[in-house]
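A closer look at the structure
Listed here are the chains, written in short residue letters.
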Number of protein chains: 2
Amino acid sequence: MKLYGKNPVIERLKSNPKSIHRIMIDENHIDLAYIRKKCNQHGISVQTVPHSKIQRLAQNLNTQGILADIDDFAYVQLDDLLQNALDKKRTPVFLDNLNDPQNLGGIIRTCGALGFFDIVIPTTESVSVTESVLRVACGGENYLSVAKVSNLGNAIEKAKKMGFWIVGTVVEDAPSLTELTLQFPLGLVMGSEEKGLRDIILKKIDAQVMIPMKNQRMSLNVAHATSMLCYEIVSQKK
Amino acid sequence: MKLYGKNPVIERLKSNPKSIHRIMIDENHIDLAYIRKKCNQHGISVQTVPHSKIQRLAQNLNTQGILADIDDFAYVQLDDLLQNALDKKRTPVFLDNLNDPQNLGGIIRTCGALGFFDIVIPTTESVSVTESVLRVACGGENYLSVAKVSNLGNAIEKAKKMGFWIVGTVVEDAPSLTELTLQFPLGLVMGSEEKGLRDIILKKIDAQVMIPMKNQRMSLNVAHATSMLCYEIVSQKK
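Calculation notes
Residues numbered from 1 in each chain as written. Chains lettered and ligands numbered in written order. Predicted model: local features only at pLDDT ≥ 70, side-chain atom pairs only at ≥ 80, totals over all residues. Heavy atoms only, no water. Helix = DSSP H or I, 4+ residues; strand = E, 2+ residues; numbered from the N terminus. Buried < 20%, exposed > 50% of the residue type's maximum accessible area, 1.4 Å probe, protein only. Contact = heavy atoms within 4.5 Å. Least-squares fit on C-alpha atoms with pLDDT ≥ 70 in both. Pairing = 2+ DSSP bridges. Axes fitted to C-alpha atoms, helices over the stretch in contact; angles between N-to-C directions. Buried area = accessible area lost by both parts, 1.4 Å probe. Salt bridge = Lys/Arg side-chain N within 4 Å of Asp/Glu carboxyl O. Nonpolar A, V, L, I, M, F, W, Y, C, P; charged D, E, K, R; others polar. Right-handed = clockwise from strand over helix to strand, strands pointing away. Core = buried A, V, L, I, M, F, W, Y, C linked by side-chain atoms within 4.5 Å.

Take the overall build of chain A next. Assigned secondary structure in chain A consists of nine helices and 10 strands. Once the C-alpha set of chain A is aligned to its principal axes, its extents read approximately 55 × 40 × 35 Å. The burial tally for chain A puts 57% of its 238 residues in the buried class. A fraction of 78% describes how many contacts in chain A between residues 6 or more apart in sequence connect residues 24 or more apart.

If you want it as structure tokens, here you go:
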């Protein structure tokens, strides 16, 4: 698959250079010396190509003049993700049917930067870790694991059996996140952009929580809500 | 100016219907009964138009079948914004040269939903409240004020003289946000996507703060970082 954009490629060069097959740089971009140097160090081939070619390959997305051929994204097995999370005190984040690459990418970026988070997504009715997602994730994918599961409810059940306490966000009739004492090991569940958490998922949750909003008529973006939750998790973990 | 997308238009109908001149609905979208009802209540003209027309008017952006002609966005004067923030215990958020509409829109959405925030942006070298920003803001613009200023440093100085304690986010050598006791009335300053806070702005800040990230090599998206800051502000205000 392809990785494009300056930050995503620089992050990948730093943390996982072996996954890069080759890099193409737009002939109009002469400010990419750092990238060339890193590629030299790791023996990664760098081609300078015409602007039109890079635009065509990237289907006119905003490449910032750089495009890398990389390994396909490597999902992990749910069992491995959960066991590792338990051992290393990480928090699995279960995403219930997200459909916007911008949101999944934003969540991967925040979770990767904050650290100690992994992600579980359903195989169907959910966006996967696509090229657009990696563009937004800006390297976050190098600092976490993602598992794809056929049934998110079963995955949550499995986590519960392993001892994870599962918290899910709702928009009414729940304690405020600022007041809830989280229990660890902790798993977090976030609902989809349009529908929030499905009933079948809600039933499996140990504690519901609300982000305190003054303007209840409004809704938060799910990726921003996840950032607030993850920040609070980091905060309470200390 | 134009407002498009289901959520942005529904939010506007709820909170500021007078700013809507007329609404156009894509003939292929028959699921917008709620919007038609609200428009009837407020005497807003609704036209059903061919799909091609709505796409042309929206320059192929994702309208979700709905487009509204609305008043131009009304900025407020800085003095009014600050005085109101002081009186109503709101927090002005100073954004130093943001250039991505997605980020400004995301910040407006979060700040509007959480409540008690207003926004100050520079006139030049910054994205304004454009149609793309409103699409992402999803109605947040109805719950806060935005002031445009020629010099952000001077605006911060003015806030300080009025008694606001100014906190700014940096990426190293500062206390963690989870450990800093915020002082109110509070003003928040966030840097641009690429460069963070400029030195000239940094000098004016009362306290620097860092979001605790395990992976320091990574960077957070500025809109997500703002969400975490705003959440912590709401949390400490309680």
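Alright, that's what it looks like, and here's the rest.
So, on to the environment of A:Leu82. Residues and elements named next belong to chain A. Mapped onto the secondary structure, Leu 82 falls in helix α4 (residues 78-88). Taking C-alpha positions, Leu 82 is 23 Å from Thr 130, a pair spaced 48 residues apart along the chain. Leu 82 has contacts with Pro 92, Phe 94, Ala 155, Lys 158, Ala 159, Met 162 and Phe 164, leaving out every residue within four places of it along the chain.

As a further point, take the relation of the copies chain B and chain A. Of the transformation superimposing chain B on chain A, the axial component is 0.0 Å and the angular component is 180°, with the fit at an RMSD of 0.0 Å. Seen this way, the second copy is the image of the first under a two-fold rotation axis. Residue B:Met228, judged by its C-alpha, is the member of chain B lying nearest the rotation axis, at 2.5 Å.

By definition, the strands of a sheet pair up through backbone hydrogen bonds, in either a parallel or an antiparallel sense. Residue and element names in this part refer to chain A. Reading across the sheet, the four strands line up as β1-β4-β2-β3 and stay open at both edges, with mixed pairing between neighbours. Looking along the sheet, the strands with just one partner apiece sit at the ends: β1 (2-4) and β3 (45-49). On average, each strand axis in the sheet is inclined to that of its neighbour by 25°, with strand direction left out of account. Summarising the sheet, strand β2 (residues 20-26) and β3 pair through five bridges and their orientation is parallel. Among the inter-strand pairings, Arg 22 is bridged to a residue of β3, identified as Ser 45. The sheet contacts of helix α2 (residues 33-42) involve β2, β3 and β4 (66-70), and relative to β2 the element is tilted by about 155°.

The subject of this paragraph is the interface of chain B and chain A. Of the residues lining the interface, 40 residues belong to chain B; the matching set on chain A comes to 40 residues. Here chain B meets chain A over a buried area of about 3,600 Å², counting both sides, of which 57% is carbon and sulfur. Taken as a group, B:Arg217, B:Met218 and B:Tyr231 account for 21% of the area that chain B buries against chain A, more than any other trio of residues on that side. On inspection of chain B and its partner chain A, the count reaches zero salt bridges. Every element with two or more residues in the side of chain B that touches chain A is listed here: α1 (6-15), α5 (101-114) and α9 (222-237) of chain B. It is α9(B) that provides the largest number of residues to the side of chain B that touches chain A, a total of eight residues. Here the residues of the side of chain B that touches chain A sort into 16 nonpolar, 16 polar and eight charged.

Attention now goes to the pairing of strand β5 (residues 91-95) of chain A. Residue and element names in this part refer to chain A. Here β5 lies mainly inside the structure; five of its five residues are buried. Residues Thr 91, Val 93 and Leu 95 point to one face of β5 and Pro 92 and Phe 94 to the other, with burial holding for every one of them. Here β5 pairs with strand β6 (residues 117-122) via four bridges, running parallel. Across the sheet, residue Thr 91 finds its bridge partner in β6, namely Phe 117. In this region the chain leaves β5, passes through helix α5 (residues 101-114) and returns to the parallel neighbour β6; the handedness of that crossover is right-handed. One ladder, built from three bridges, connects β5 with strand β9 (residues 186-190); its direction is parallel. Note on β9: the bridge partner recorded for Leu 95 is Met 190.

With 116 residues, the main nonpolar core has A:Ile23, B:Ile23 and B:Ile119 as its most contacted residues. Excluding anything up to four places from it in sequence, B:Ile119 contacts B:Leu81, B:Val93, B:Leu95, B:Ile107, B:Ile108, B:Cys111, B:Leu144, B:Ser145, B:Val146 and B:Ala147.

Residue and element names in this part refer to chain A. By secondary structure assignment, the location of Asn 103 is in helix α5. Accessibility expressed as a relative area gives 5% for Asn 103, which makes it buried. Once residues lying within four places of it in the same chain are set aside, the contact partners of Asn 103 are Leu 98, Glu 193, Asn 221, Val 222 and Ala 223.

Residue and element names in this part refer to chain B. Read from one edge of the open sheet, six strands run β7-β6-β5-β9-β8-β10, paired in parallel fashion. A strand with exactly one partner marks an edge of an open sheet, and here the two such strands are β7 (146-149) and β10 (207-209). Taken pair by pair, the neighbouring strands of this sheet meet at an average axis angle of 25°, ignoring direction. Where α5 meets the sheet, it contacts β5 (91-95) and β6 (117-122), and its direction lies at approximately 155° from that of β6. On the sheet, α9 packs against β5, β6, β8 (165-169), β9 (186-190) and β10 and is oriented at approximately 165° with respect to β9.

This part takes up the pattern of salt bridges. Side chains that differ in charge, positive against negative, can pair when their charged atoms come close. Residues and elements named next belong to chain A. What the rule picks out here adds up to 18 salt bridges over all chains. Linking Glu 141 and Arg 12 is a salt bridge whose minimum nitrogen-to-oxygen distance equals 3.0 Å. One end of the pair, Glu 141, is in the loop between α6 (131-137) and β7 (146-149); the other, Arg 12, is in helix α1 (residues 6-15), and 129 residues separate them in sequence. With a relative accessible area of 5%, Arg 12 lands in the buried category. The salt bridge partner of Lys 160 is Asp 206, with a shortest N-O separation of 3.7 Å. Highlighted residues: Lys 160 in helix α7 (residues 152-161) and Asp 206 in the loop between α8 (199-202) and β10 (207-209), separated in sequence by 46 residues. For Lys 160, a relative accessible area of 26% puts it in the partly exposed group. A residue is classified by how much of its surface remains accessible, and Asp 206, at 38% relative accessible area, is partly exposed. Here the salt bridges share partners, and the residues they tie into one network are Lys 2, Arg 22 and Asp 69.

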